[in-house]
Amino acid sequence: MNAWPHLIAPTNHDVVEAAQRLKGIAHRTPVLRSNTADEILGAQVFFKCENLQRSGSFKFRGAYNALAQLSPEQQERGVLTFSAGNHAQAIALAARLLDIPALVVMPHDAPTTKMAAARAYGAQVVTYDPLNEDREAISRKLSQERGMLLVPPSDNAAVIAGQGTAALELIEEVPRLDVLFAGVGGGGLLAGSLLATKAALPLCRVYGVEPEVANDGQQSLACGEIVQIPWPRSTIADGARATALAPLAFDILQQGAEGIVTASDAQLMEAMRFFAERMKIVVEPTGALALAGALHGGCDVHGARVGIVISGGNVDLPRYARFLSD
Ligand SMILES: *Cc1c(COP(=O)(O)O)cnc(C)c1O
């Protein structure tokens, strides 16, 4: 790779190449079924379990796909990113596997498990105050000072292509999916899922799901340009508190997404309880967005074959216990 062509829009071909790169490195996560979910939704539901992915979320896919394509010089200088948790953790693990130095900029109130995991994978962690400081400005400054390449969570073609490999695996395994739901923060997961899905299944309806208080993506699709909202500190979905869609992802969403629906904290907790009680799996609040959206977003799924991306499972246990018992 000569330059770093991360600002060129990714295509389905990039998702297919990412899948090759990830073979034997990312887990091919299981697709689970639940009779109860089928009954509740009046549909056939297929859960793609990225809570069981390495580093605990789908973000490992995009992170590894991006870092594996860096030049030897870039790898030697190292990488830097900003993230509330899962992307940081994913970059830290991918960097360790590829023997690349990594630095992550995290909000000081990020879940302690996520911060601890990034450190345990060998990354340096720098914290900031999300209410008063701009993480992108801090990251750009550190990147310049240290010569480390900035790999943002969503606004990067290789990251988006990597995120699409989860949906690619799902549609390989479950033919003729009619509807797909995926959580939305910066939009990388939804954009990658669209690239993977639409090439094979142009009629598949692909919905994003955002926290109710962080519905910048929904607003952006409604008005045709990227809407920036203030930092939404009040949602439990800590992985989807991005204040704006990434431009690269937005273009893809505008072309292909059926829409973006929202879920409240109470609905996310209900979905987490469902996963724990019925399916015996630990899902973090952000990871429950897709199911909550399918249940409450008002989309017609009756009689359909529905894919749900369970996007992550990283949650502090005391917090998790509270969500289950509330
Ligand atoms: C990051 C993340 C999302 C949202 O993904 P984007 O690519 O930022 O839209 C959803 N769920 C989990 C668990 C995440 O970590």
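In what follows, the structure referred to is the one given above.
Residues numbered from 1 in each chain as written. Predicted model: local features only at pLDDT ≥ 70, side-chain atom pairs only at ≥ 80, totals over all residues. Heavy atoms only, no water.

Caption draft 1: Quick peek at the overall build of the protein chain. When you go through the protein chain residue by residue, the secondary structure sums to 14 helices and 10 strands. Relative to the globule expectation of 20 Å for 326 residues, the C-alpha radius of gyration of the protein chain, 18 Å, shows essentially globular dimensions. Along the first, second and third principal axes, the C-alpha set of the protein chain runs to 55 × 40 × 40 Å. Looking at the protein chain residue by residue over its 326 residues, the buried ones come to 61%. For the protein chain, the share of sequence-separated contacts (at least 6 apart) that also reach a separation of at least 24 residues comes to 73%. For the protein chain, the exposed surface amounts to about 12,800 Å²; the carbon and sulfur share of it is 50%. The averaged location of the 33 negative side-chain charges in the protein chain is 5 Å from the averaged location of its 27 positive side-chain charges. (Helix = DSSP H or I, 4+ residues; strand = E, 2+ residues; numbered from the N terminus. Rg over C-alpha atoms; globule rule 2.2 N^0.38 Å. Buried < 20%, exposed > 50% of the residue type's maximum accessible area, 1.4 Å probe, protein only. Contact = heavy atoms within 4.5 Å. Areas by Shrake-Rupley, 256 points an atom, 1.4 Å probe, with all protein chains shown as cover. Lys, Arg positive; Asp, Glu negative; His and termini not counted. Charge placed at Lys NZ, Arg CZ, Asp CG, Glu CD.)

Caption draft 2: Region of interest: the site of the ligand. Around the ligand, the surrounding shell holds 15 residues, and the nearest of these are Lys59, Asn86, Gly185, Gly187 and Ser311. A distance of 2.7 Å is found between an oxygen atom of the ligand and a backbone nitrogen or oxygen belonging to Gly185. Here an oxygen atom of the ligand sits 2.9 Å away from a polar atom, N or O, in the main chain of Gly186. If the ligand stood free it would expose 380 Å²; the protein chains cover 97% of that surface. Across the shell around the ligand, the residue classes break down as three nonpolar, 10 polar and two charged. (Near = heavy atom within 4 Å. Polar contact = N/O pair within 3.5 Å; in protein donor to acceptor, adjacent residues only side chain to side chain. Nonpolar A, V, L, I, M, F, W, Y, C, P; charged D, E, K, R; others polar.)

Caption draft 3: How the structure looks around the pattern of salt bridges. One pass over the structure, following the stated rule, counts 11 salt bridges. Measuring nitrogen to oxygen at the nearest pair gives 2.7 Å for the salt bridge that ties Glu169 to Lys48. Of the two residues, Glu169 sits in helix α8 (residues 157–173) while Lys48 sits in strand β2 (residues 44–49), which places them 121 residues apart along the sequence. Taking the relative accessible area as the measure of exposure, Lys48 reaches 0% and is therefore buried. Here Glu169 and Arg61 are joined by a salt bridge, their closest N and O atoms 3.0 Å apart. Taken together, the residues span a long stretch of sequence, with Glu169 in helix α8 and Arg61 in helix α3 (residues 59–67) at a distance of 108 residues. Grouping residues by exposure puts Glu169 and Arg61 together as buried. Among the charged side chains, a salt-bridge network with shared partners connects Lys48, Glu50, Arg61 and Glu169. (Salt bridge = Lys/Arg side-chain N within 4 Å of Asp/Glu carboxyl O.)

Caption draft 4: Broad picture of the sheet that holds strand β9 (residues 259–263). Read from one edge to the other, the open sheet built from six strands follows the order β1-β2-β10-β7-β8-β9, with strand pairing classed as mixed. The open sheet terminates on both sides in strands that have one partner only, identified here as β1 (31–32) and β9. Bridging between strand β8 (residues 205–211) and β9 involves five bridges; their strand directions are parallel. Along β9, the bridge assignment pairs Gly208 with Ile260. Against the sheet, helix α12 (residues 265–279) touches β1, β2, β9 and β10 (305–310), its axis set at about 85° to β9. (Pairing = 2+ DSSP bridges. Axes fitted to C-alpha atoms, helices over the stretch in contact; angles between N-to-C directions.)

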